[in-house]
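Spelled out, the chains give:
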Amino acid sequence: MRNAFAAELTALAQTDPRIVLLSGDIGNRLFNEFKERFPARFFNCGVAEANMTSMAAGMALSGLRPITYTIAPFVTTRCLEQIRVDICYHHVPVTIVGVGAGLSYAGLGATHHSCEDIGFLRMLPGMTVICPGDSVETRLALHSAMKQDNPVYIRIGKKGEPVVHDEEPEFTIGKAISLRKGNDICLLSTGNMLPEAAQAADLLETKNCSIGLYSFHTVKPLDEELLTDVFDRYKIVVTIEEHSRLGGFGSAVSEWLTDYAPHKARLLRIGSFDEFMHQAGSQSFARKFYEINAEAIVDKTLSLYKETIC
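Below: a short report on this structure.

The rules behind these values
Residues numbered from 1 in each chain as written. Predicted model: local features only at pLDDT ≥ 70, side-chain atom pairs only at ≥ 80, totals over all residues. Heavy atoms only, no water. Phe/Tyr/Trp six-rings, centres within 6.5 Å; stacked < 30°, edge-to-face > 60°. Helix = DSSP H or I, 4+ residues; strand = E, 2+ residues; numbered from the N terminus. Buried < 20%, exposed > 50% of the residue type's maximum accessible area, 1.4 Å probe, protein only. Pairing = 2+ DSSP bridges. Axes fitted to C-alpha atoms, helices over the stretch in contact; angles between N-to-C directions. Parallel < 35°, antiparallel > 145°, perpendicular 65-115°, else oblique. Left-handed = near helix turned anticlockwise from the far one by under 90°. Contact = heavy atoms within 4.5 Å. Nonpolar A, V, L, I, M, F, W, Y, C, P; charged D, E, K, R; others polar. Salt bridge = Lys/Arg side-chain N within 4 Å of Asp/Glu carboxyl O.

Now for the packing of aromatic side chains. In total, this model carries 10 aromatic pairs according to the counting rule given. Centroid distance Phe216 to Phe249: 5.2 Å. Interplanar angle 40°. Geometry classified as tilted. Taken together, the positions of Phe216 in the loop between β9 (211–215) and β10 (218–220) and Phe249 in helix α10 (residues 249–260) put the pair 33 residues apart, joining distant regions of the chain. One exposure class covers both Phe216 and Phe249, and it is buried. Where Phe273 meets Tyr290, the ring centres are 5.6 Å apart and the plane angle is 70°; that geometry is what we call edge-to-face. Here Phe273 is found in the loop between β12 (266–272) and α11 (283–289), whereas its partner Tyr290 is found in the loop between α11 and α12 (294–309), with 17 residues between them in sequence. Each member of the pair, Phe273 as well as Tyr290, carries the same accessibility label: buried. Through a chain of ring-to-ring contacts, the aromatic side chains of Phe5, Phe31, Phe42 and Tyr69 assemble into a single cluster.

What the five strands build is an open sheet, ordered β7-β9-β8-β11-β12; its pairing is mixed. The open sheet has two edge strands with one neighbour each: β7 (177–180) and β12. Adjacent strand axes in the sheet meet at a mean angle of 20° when their direction is disregarded. The pairing of strand β8 (residues 185–189) with strand β11 (residues 236–244) spans five bridges and is parallel. Paired with Leu187 across the two strands is Val238, which belongs to β11.

On to the packing of helix α8 (residues 194–205) against α12. It is the contact of α8 with α12, at a shortest axis distance of 8 Å, that shows an interaxial angle of 50°. Classed by the angle they form, the pair α8 and α12 counts as oblique. The interaxial crossing formed by α8 with α12 has right-handed handedness. Contacts between α8 and α12 involve Glu196, Gln199, Ala200, Leu203 and Leu204 from the former and Ala294, Glu295, Ile297, Val298, Thr301 and Leu302 from the latter. A breakdown of the residues in the contact of α8 with α12 according to their chemical character gives seven nonpolar, two polar and two charged.

Here the focus is the packing of helix α9 (residues 224–233) against α10. At their nearest, the axes of α9 and α10 sit 11 Å apart, and the two run at 70° to each other. Regarding the angle of α9 to α10, the classification is roughly perpendicular. Only Val253, Trp256, Leu257 and Tyr260 of α10 make contact with α9, whose side of the interface consists of Glu224, Leu227, Thr228 and Phe231. Split by residue class, the contact of α9 with α10 holds six nonpolar, one polar and one charged.

For the rest of this paragraph, the subject is the pairing of strand β1 (residues 19–23). Counting buried residues along β1, five of its five residues qualify, which places the element largely inside the surrounding structure. The two faces of β1 match: Ile19, Leu21 and Ser23 on one face and Val20 and Leu22 on the other face are all buried. Sheet analysis places β1 next to strand β3 (residues 65–71), joined by five bridges and oriented parallel. In the sheet register, Leu21 faces β3, and the bridge partner there is Ile67. Here β1 runs beside strand β2 (residues 42–44); their pairing, made up of three bridges, is parallel.

Close approach of charged atoms allows side chains of opposite charge to pair. The full count for this structure, using the stated rule, is 17 salt bridges. Between Arg18 and Asp16 there is a salt bridge; the shortest N-O distance is 3.0 Å. For Glu307, the salt bridge identified is with Arg266, shortest N-O distance 3.1 Å. One end of the pair, Glu307, is in helix α12; the other, Arg266, is in strand β12, and 41 residues separate them in sequence.

Moving on to the sheet that holds β10. Pairing is mixed across the open sheet formed by seven strands, whose spatial order is β2-β1-β3-β4-β6-β5-β10. Each of the sheet's edge strands pairs with one partner strand only, and the pair in question is β2 and β10. The average angle at which neighbouring strand axes cross in this sheet is 20°, direction not considered. Each of β3, β4 (95–99), β5 (128–130) and β6 (152–155) touches helix α7 (residues 135–145); the most contacted strand, β6, lies at about 170° to it.

In this fold, His113 is placed in the loop between β4 and α6 (117–122). Here His113 falls in the buried class, since its relative accessible area comes to 10%. Sequence spacing of His113 and Phe276 is 163 residues, and the spatial spacing of their C-alpha atoms is 9.0 Å. Filtering out sequence-adjacent residues up to four positions away, His113 remains in contact with Pro73, Gly102, Leu103, Tyr105, Ala106 and Met277.

See the structure below:
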């Protein structure tokens, strides 16, 4: 996903001289082509993410289109005050890109885990929160973000994530992408959990369940029209995210559901537990620990589905 981001950024910068990139001492080789073509538009801000954020706000107030980029917890949690006061309060078009979101850097320990960032940033007034599902959506998300006149957070994985889309889908901020439609269970995935959700959908269909699958690449604003449809049509709706069940995508959907109840479907939220993982391991190990891998999604979904139809 990060390679797709770098390639799309370089392509966009060729036609928009306002685009500048601020890096938190990461991605130096990744952005070699960008730096070669636009050396005056790349700023390595070092391990000073709060300063980087304030710099970006000032650049945006001066008419530029800055993008801040580093590992997700360092570009969000570490500089939340600057995002809130410098970017969101002034409602300036800074695009914040968090790489390695969720549990992508699970092997580096809790400092590099990012299971709270959606909750932090979606609470900020005027902030758009986009979580692409694969490299195809990552390119489209950045392209769309550059057309916005408000703060945007793009939450991406790291590298090597499976590509789910066979062809480029229509991408509109605030509108989910349909991958398959069914009648019994609907899986709503956000971010880099989309490959796990697609695998879970395949497994559930072997259990004689009719499955719908959507990529909710935008957590804020939500696609409320689609939510109304799926909660009225399916028996079970499942939100899937590599983020805490508190404050994230599932919470956003449950808040919406509270405001617009009653609906036919029951909601199941799948995300990480309200606890830190003190072990170190791969991303797949961390997903198994938090019970958010495809197999756990299937087990939890079938359990609620059987309870619902009995």
